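# Working through the structure, step by step
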Amino acid sequence: MNRIKALAGAISLALSASFVQAGEVEVLHYMTSSGEAAAVNVLKQELEKEGHTWKDFAVAGGGGETAMTVLKSRAVSGNPPAAAQIKGLDIQEWGEMGFLTNLDKVAAAGHWDNLLPPVVSNIMKYEDHYVAVPVNVHRVNWLWANPAVFKQAGVEVPTTWNDFFTAAEALKAKGIIPLAHGGQPWQDATLFEAVALGVGGSEFYRKAFVEHDAATLGGDTMVKVLETFKKTRDYIDADAPGRDWNIATSMVINGKAAMQIMGDWAKGEFTAAGKKAGVDYVCVAAPDTASGFTFNIDSFVMFDLFDQGSDSSVKAQADLARLIMEPTFQTAFNLNKGSIPVRQDIDRAPFDSCATSSMDSFKASADSNNLVPSFAHGMATTSRVQGAIFDVVTNFYNSKDQSAKAAADKLARAVKASI
Amino acid sequence: MNHSHSTLSRSPASSGSTKTSARQGGLSGWLAAQLPKLVMAPTFVIIFVCIYGYIGWTFLLSLTGSRILPVWKFVGFQQYEKLFENERWMVSLQNLVIFAVLFIALCLLIGMVLAILLDQKIRGEGFIRSIYLYPMAISFIVTGTAWKWLLNPSLGLEKLMHDWGFESFTFDWLVNPDMVVYTLVIAAVWQSSGFVMALFIAGLRGVDDEMIKAARLDGASLPTIYRRIVLPSLKPVFFSCVVILAHIAIKSFDLVAALTGGGPGYASDLPANFMYAHAFTRGQMGLGAASAMVMLGGVLAILIPYLYSELRGKRHG
Amino acid sequence: MVEAPMTPVRQLARYGLYAVLALVAFIYLMPLWVMIITSLKDTEEIRTGNLLALPGSFNFDAWVAAWSSACTGGTCEGISTYFFNSFQIVIPAVLVSTLLGAVNGYVLSFWRFRGSELMFGLLLVGCFIPLQVMLLPMARSLAFFGLANTTTGLVIVHVIVGSGFTTMFFRNFYIGLPQELIKAARLDGAGFFFIFRRIVLPLSTPIIVVTLIWQFTQIWNDFLLGVVFSGAETQPVTVALNNLVNTSFGGKQYNVDMAAALIAALPTLFVYVLAGKYFVRGLTAGAVKG
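Reading guide: rules and limits
Numbering of residues begins from 1 in every chain and follows the order in which that chain's sequence is written. All chains are assigned letters beginning at A, and all ligands numbers beginning at 1, according to the order in which they are written. Given that the model is predicted, a residue must reach a pLDDT of at least 70 before its local features are reported, and side-chain atom pairs must reach 80 or more before they are shown or counted; all residues, however, enter totals for whole chains, interfaces and linings. Think of the side-chain values as coming from all heavy atoms in the structure, minus any hydrogens and water. The criterion for strand pairing is that DSSP finds at least two bridges linking the strands in question. In DSSP terms, a helix is any run of H or I states spanning at least four residues, a strand is any run of E spanning at least two, and both are numbered starting from the N terminus. Convention adopted: a line fitted to C-alpha atoms gives each axis, helices being fitted over their contacting stretch, and angles between N-to-C directions are expressed from 0 to 180 degrees. Whether two residues touch is decided by their heavy atoms; if any such pair falls within 4.5 Å, the residues are in contact. Categorising residues by exposure relies on relative accessible area from a 1.4 Å probe, with only protein chains included: less than 20% of the type maximum marks a residue as buried, more than 50% marks it as exposed, and the intermediate range marks it as partly exposed. The directions from the helix axis to the C-beta atoms form the arc being described. Any two cysteine sulfur atoms within 2.5 Å of one another count as a disulfide. A 1.4 Å probe defines the accessible area here, and the buried area is the portion of it lost by two parts on being joined, summed over both. Residues adjacent in sequence count toward polar contacts only when both atoms are side-chain atoms; beyond that, a polar contact is any pair of N or O atoms within 3.5 Å, and within protein one must be able to donate a hydrogen and the other to accept it. Under the scheme applied here, ten amino acids are nonpolar (Ala, Val, Leu, Ile, Met, Phe, Trp, Tyr, Cys and Pro), four are charged (Asp, Glu, Lys and Arg), and all others, including Gly, are polar. Orientation is classified from the angle alone, with under 35 degrees giving roughly parallel, over 145 giving roughly antiparallel, 65 to 115 giving roughly perpendicular, and any other angle giving oblique. Crossing handedness: left-handed means the near helix sits turned counterclockwise from the far one by under a right angle, and right-handed means the same turn made clockwise. Nine residue types can take part in a nonpolar core, namely buried Ala, Val, Leu, Ile, Met, Phe, Trp, Tyr and Cys, and a core is a set of them joined through side-chain atoms within 4.5 Å. UniProt positions are given in the numbering used here, feature names are shortened, and annotations may be inferred rather than shown by experiment. Take a side-chain nitrogen of Lys or Arg and a carboxyl oxygen of Asp or Glu: if they are within 4 Å of each other, that pair is a salt bridge. Boundaries of every domain are those given by an automatic assignment or by a domain database. Ring pairs are drawn from Phe, Tyr and Trp, using the six-membered ring of Trp, whenever the two centres fall within 6.5 Å, and their geometry is named by plane angle: stacked under 30 degrees, edge-to-face over 60, tilted for the rest. Each ring is checked for a lysine NZ or an arginine CZ that lies within 6 Å of its centre and within 35 degrees of its normal; such an atom marks a charge sitting over the ring.

What follows is about the sheet that holds strand β10 (residues 257-261) of chain A. All names here are of chain A. On the basis of which strands lie adjacent, the open sheet formed by four strands has the order β9-β10-β8-β11 and mixed pairing. Where the open sheet ends on each side, the last strands, each with one partner, are β9 (177-179) and β11 (282-285). Neighbour to neighbour, the strand axes of the sheet diverge by 20° on average, direction disregarded. Where β9 meets β10, two bridges bridge the pair, whose relative direction is parallel. Each bridged residue has a counterpart across the sheet, and for Ile177 the counterpart in β10 is Ala257. Contacting β8 (142-145), β9 and β10, helix α13 (residues 245-253) crosses the sheet at an angle of about 140° to β10.

It is worth spelling out helix α8 (residues 179-187) of chain C at this point. All names here are of chain C. Within the sequence span of α8, burial applies to Gln179, Ile182, Ala185 and Arg186. For α8, the angular spread of the buried residues around the axis is 130°, confining them to a single face. Looking one or two residues beyond α8, the residue adopting positive phi is Gly189, at roughly 85°.

This part takes up the state of the cysteines. Residues and elements named next belong to chain A. Scanning all chains against the criterion turns up one disulfide over all chains. Covalent S-S linkage joins Cys283 and Cys354, the inter-sulfur distance amounting to 1.9 Å. Disulfide Cys283 to Cys354: torsion about the S-S bond roughly -105°, handedness left-handed. One end of the pair, Cys283, is in strand β11; the other, Cys354, is in helix α17 (residues 353-367), with 71 residues separating them in the sequence. Summarising the burial analysis for this pair, Cys283 and Cys354 share the class buried.

Another point: the interface of chain C and chain B. Contact residues are listed per partner, giving 93 residues for chain C and 103 residues for chain B. Interface of chain C and chain B: buried area, both sides summed, is about 9,400 Å²; carbon and sulfur atoms make up 74% of it. Put simply, chain C and chain B have 12 residue pairs in polar contact (both at pLDDT 80 or more) between them. Top element by residues in the side of chain C that touches chain B is helix α1 (residues 8-40) of chain C. It accounts for 16 residues. A per-class count over the side of chain C that touches chain B returns 64 nonpolar, 19 polar and 10 charged.

Looking at where Asn86(B) falls in the secondary structure, it is placed in the loop between α3 (78-85) and α4 (87-118). If we skip the residues at most four places from it in the chain, Asn86(B) touches Phe274(B), His278(B) and Leu287(B).

Packed helix pairs are characterised by how far apart their axes lie and by the angle those axes make with each other. Residue and element names in this part refer to chain C. With their axes 11 Å apart at the nearest point, α8 and helix α9 (residues 192-203) run at an angle of 165° to one another. Here α8 is positioned roughly antiparallel relative to α9, judged by the angle of their axes. For the pair α8 and α9, the crossing hand works out as right-handed. Side by side, α8 and α9 meet where Leu181, Ile182, Ala185 and Arg186 of the first sit next to Ile195, Ile199, Val200 and Leu203 of the second.

Among the nonpolar cores identified, the biggest contains 271 residues, and Trp94(A), Leu320(A), Phe99(B), Tyr132(B), Tyr174(C) and Phe229(C) are the most heavily contacted of them. Contacts of Tyr132(B), omitting those with residues within four sequence positions, involve Leu114(B), Leu118(B), Gly194(B), Met197(B), Leu21(C), Val24(C), Ala25(C) and Tyr28(C). Membership of the second largest hydrophobic core comes to 55 residues, among which are Val195(A), Phe204(A), Ile261(A) and Phe375(A).

In this section: the UniProt feature "transmembrane region" (unreviewed entry) in chain B. UniProt records the feature "transmembrane region" (unreviewed entry) for residues 38-60, 96-119, 131-151, 179-204, 225-250 and 285-308 of chain B in the present numbering. Measuring from the first to the last C-alpha atom of residues 285-308 of chain B gives 33 Å, for a span that is 100% helix and 0% strand.

What follows deals with the sheet that holds strand β14 (residues 371-373) of chain A. All names here are of chain A. Strand order in the open sheet formed by three strands is β7-β12-β14, with mixed pairing between adjacent strands. Across the chains shown, the open sheet's two edge strands, defined by having one partner strand only, are β7 (138-139) and β14. Relative to strand β12 (residues 293-296), β7 is paired through two bridges, and the arrangement is antiparallel. Paired with Arg139 across the bridge in β12 is Phe295. Strands in contact with helix α10 (residues 185-210) are β12 and β14; relative to β14, the strand with the most contacts, it is inclined by about 75°.

Tallied over the full model, the rule gives 27 salt bridges over all chains. Note that Glu117(C) is salt-bridged to Arg171(C), the shortest N-O span being 3.6 Å. Of the two residues, Glu117(C) is situated in helix α5 (residues 116-127) and Arg171(C) in helix α7 (residues 151-174); the sequence distance between them amounts to 54 residues. Residue classification places Glu117(C) among the buried positions, given a relative accessible area of 14%. One connected set of salt bridges, linked through shared partners, spans Glu50(A), Lys315(A), Asp319(A), Arg322(A) and Glu326(A).

Moving on to the domain arrangement of chain C. A common measure of how large an interface is: the accessible area buried when the components associate. Residue and element names in this part refer to chain C. As assigned here, chain C comprises domain 1 (8-59) and domain 2 (80-287). Computed from C-alpha coordinates alone, the two centres of domain 1 and domain 2 are separated by 33 Å. Counting the surface lost from both domain 1 and domain 2, the interface buries some 670 Å², and carbon and sulfur atoms represent 80% of this. On the surface where domain 1 and domain 2 come into contact, there are one residue pair in polar contact (both at pLDDT 80 or more). Those elements that provide at least two residues to the side of domain 1 that touches domain 2 are α1 and α2 (43-48). With five residues, α1 is the largest single contributor of residues to the side of domain 1 that touches domain 2. Partitioning the side of domain 1 that touches domain 2 into residue classes produces four nonpolar, three polar and two charged.

To continue, consider the environment of Asp222(C). Residues and elements named next belong to chain C. The topology assignment puts Asp222 in the loop between α10 (205-221) and α11 (224-229). For the pair formed by Asp222 and Thr238, sequence separation is 16 residues and the distance between their alpha carbons is 7.0 Å. Apart from residues no more than four positions distant in its own chain, Asp222 is found in contact with His158 and Thr238. A polar atom in the side chain of Asp222 sits 2.8 Å from the backbone nitrogen of Gly226.

So, about unusual backbone geometry. Put simply, Gly263(B) and Pro264(B) share a cis peptide bond, and its omega is -5°. Turning to its location among the elements, Pro264(B) is positioned in the loop between α12 (254-259) and α13 (271-281). One non-glycine residue, His212(A), lies in the positive phi region at around 55°. You can call His212(A) buried: its relative accessible area is 17%.

UniProt marks residues 93-308 of chain B with the feature "domain: ABC transmembrane type-1" (unreviewed entry), using the numbering shown here. Note that residues 93-308 of chain B is 74% helix and 0% strand, and that its end C-alpha atoms are spaced 26 Å apart.

With that settled, the discussion passes to the pairing of strand β13 (residues 299-302) of chain A. The side chains of a regular strand alternate between both faces of the sheet. Residues and elements named next belong to chain A. A two-sided burial pattern is seen for β13, the buried positions comprising Ser299 and Val301 on one face and Phe300 and Met302 on the other. Bridging between strand β3 (residues 83-85) and β13 involves three bridges; their strand directions are antiparallel. Considered in β13, the bridge of Gln85 is made with Phe300.

All right, on to the packing of aromatic side chains then. For the structure on display, the rule yields 60 aromatic pairs over all chains. On the numbers, 5.6 Å between centres and 80° between planes, the contact of Trp57(B) with Trp72(B) is edge-to-face. A residue pair is termed long-range when its members are at least 10 positions apart, and Trp57(B) in helix α2 (residues 26-62) and Trp72(B) in the loop between α2 and α3 qualify at 15 residues. Residue Trp57(B) is classed as buried on the basis of its relative accessible area of 17%. Owing to a relative accessible area of 37%, Trp72(B) belongs among the partly exposed residues under this scheme. Considering the side-chain rings of Phe110(C) and Tyr174(C), the 5.8 Å spacing of their centres and the 40° angle between planes classify their relative orientation as tilted. In this pair, Phe110(C) sits in helix α4 (residues 80-110) while Tyr174(C) sits in helix α7, placing the two residues 64 residues apart along the sequence. The exposure class assigned to Tyr174(C) is buried, which follows from its relative accessible area of 0%. An aromatic cluster is defined as three or more aromatic residues linked by ring pairs; in this entry it consists of Tyr106(C), Phe110(C), Trp111(C), Phe170(C), Phe173(C), Tyr174(C), Phe192(C), Phe193(C) and Phe196(C). Positioned above the aromatic ring of Phe165(A), the side-chain terminus of Lys231(A) is 4.2 Å from the ring centre.

Another point: the interface of chain A and chain B. Between chain A and chain B, the contact holds 31 residues from the first and 27 residues from the second. When chain A packs against chain B, the two sides together hide about 2,500 Å² of surface, and 53% of this comes from carbon and sulfur. Where chain A touches chain B, the interface holds four salt bridges. Asp391(A) serves as the salt-bridge partner of Arg88(B), at 2.9 Å between the closest nitrogen and oxygen. The greatest single-element share of the side of chain A that touches chain B, amounting to nine residues, is contributed by helix α18 (residues 383-398) of chain A. When the residues that make up the side of chain A that touches chain B are grouped by side-chain class, the tally is 13 nonpolar, nine polar and nine charged.

Given below as structure tokens:
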């Protein structure tokens, strides 16, 4: 049955390709920084080559917060764009509301099931049907370090949390800020999830942040995680609150700070500053997470155009979905953004050492069951639960007197209240 | 002086229009009499639908378990219970009280002082006034980054003072959870105090010169004249200011978004930001709607006394 | 207005007065100053230099980039087209809401009817509704009329949001006009619109100026309504500015950000500085009297 469907899809696709219909796709996205915009333009050109029109609807700001507001009002008015940048578990919520279109035909024709690891394709599906297309895989649990500064302090780049604190102490003594950090809730959470994976391990991580097991959330391991997390507070500077992550990265670049724990998008900053991976900066897994991989996947969701979608615009939408998965775009986009392609069959030659090491550990961690979704970036939980965790984590990190035990209790309660 | 006019204004409305319609008679006469109402009708319909209809819609929404989009499954007052158990909401309410009180008080104080100072026949008054007034012209989307830098200890004022040799000077409110709400007050006062000043200047220019001359002849000193004659006559201006400022305070949203992002932690969150975050970015639309209704309640608590005194004042005028 | 003879002490007080005014002016100008000088520095100087210091060399590259080549999403053509989009939204919205306010204010002060005071009250309450509450139902209403994500739709939204304020301004101004004028005209048989056009409007210049300035500033600076209700090709300049400034990753160019922000703020600054005199004059003429 499925095979027949797939075949039918392939035929209809082949037929329609020979008989060009020009359509328009409106794309709502928040990829507005210069590197991302360049990558989006590759996609736009590819689409225009097929004879379609790309209608750009870019809304920047805070990881797509404003874009989501726009999207919601467009959805409420029955006028959603053809494609929108939505990621993680929020795809499920939109699917539940009945807004998304079925991409199974395109997926079958493009053999997505063979190209995508199940952990990725599961996120792209709602009730077993493809509704979204992934553009990249970010590794979040990276530690970026400035080796010159480490040499100056006479310590090695840490690979465990114990080493981290020893090194941090030595760096601090030299008047260097050990950890560059920006005190915004999502950055606090990014650091926190790296600690959680390192201290607690992937089993603990999944129980707490994917399954939301109350006993784990409020348990002893969590208290230990929170304590370690809070201890890093002693090694960041006092001016961290509110700082953008890229400013924190530039502190590592110019040697004011030694390390930053941040996803691979930080690489773009190093590249922009003319720094070389392995020479001017090094990328290693966050302490104690060498075998783990916290992933963050950007994706485009295709909306059901209902009656307002003409055949040509439905065709254009399907073509867009196909093009996103194609090697041209996957390579161009990920070279620009620092992440790795979702497909496993892409030529590695153009990628740098950080990216290829990310590709290796993506595969290795998937095999060893240490591949975990990033909750700080909406991969593990819906935005509701994520928000609740953010509140507790950021409040704990910034409070002067809250105990780790109290924070763990709060965490368990807040997650329960938001489910 | 308003009051005397408004009493007069009642008579033409009632007696005048009947007279006209009686004279003309027929359909055109009726039309002429109804014209004012007809002219107001579109506005009335729009306001009724778009303001009150939407408030009703939001209230209904607050009774549902809506997540990313409105879903009409009612859950009673559960969202309100959740809201008042939410620590962040309580922090944002507390912040609003601190923020609103300080913001209104400082704007009034600074606005009034500047107005009085500028009212002393200053050379270049227009120029100086423009400087005080310009912040009102720009939004925090524009000035947010500049403010962030100025208040940032390692970039702005603190660094400047250190560079000038005042090593012990500290100004770290932006990164201090206990003090961060006061940085919101600083930026907000900067933006609105000039506007208050303009309103007060306008009020001062309207004060009766004769009374001041008479007081001067009686030997009253300048401060006494201000305290006894000028300030009391500014009462209506004062009241308008409070209402306008209160509305700015409760709607403050850009300010937090641009300056602190609600941080450190959520120490500088305000209700409007709480509502927006939950309704639009966190997929808790029901909870967001509940917080909007509580905010509206707050607005009405300020507005109804104002309107009451306004309308009652007219009646006795 | 309040004068006293000049004595040495008074002379000294006078200098003190100017000193205070200058100091306050300095403080008020600081954010603008930071923005202007940052827009004239190059990226390296911003990273290393003092926030308040003058740039080593003035260059207007950032301004040029912001106007015509900075990336605001998929396109890299600066904010110029958005700048003109804003005018297309702001001009009709300001004119319509001001006119509506004038007519409403005229009715509410000279042609009162039973319940007109109540209507005014209801209208006033409308000014205080947080905009965020209105987004979704408004989106639905606009879609109902087929106006979702069009400039017309956005203009209508601005008119609805603004007409409460404009009505309040005009009503409070008209209440201060001598009612005898209108009364006499009515006895002479002058009609509703005749009185409005020939008698009331000519007296309204100060309040029209105040309302125009207020509405222009409000609508020009609006971001939330603009981003939600505009179409993809008709976004106002604040949305473009946000896209330009709020990059989620990679190479922040603060000089371009600042230049773009200043360009976006120019029209309102211009209006305030140029018409500021009339603004205060208009307020003096009665706009603020409750």
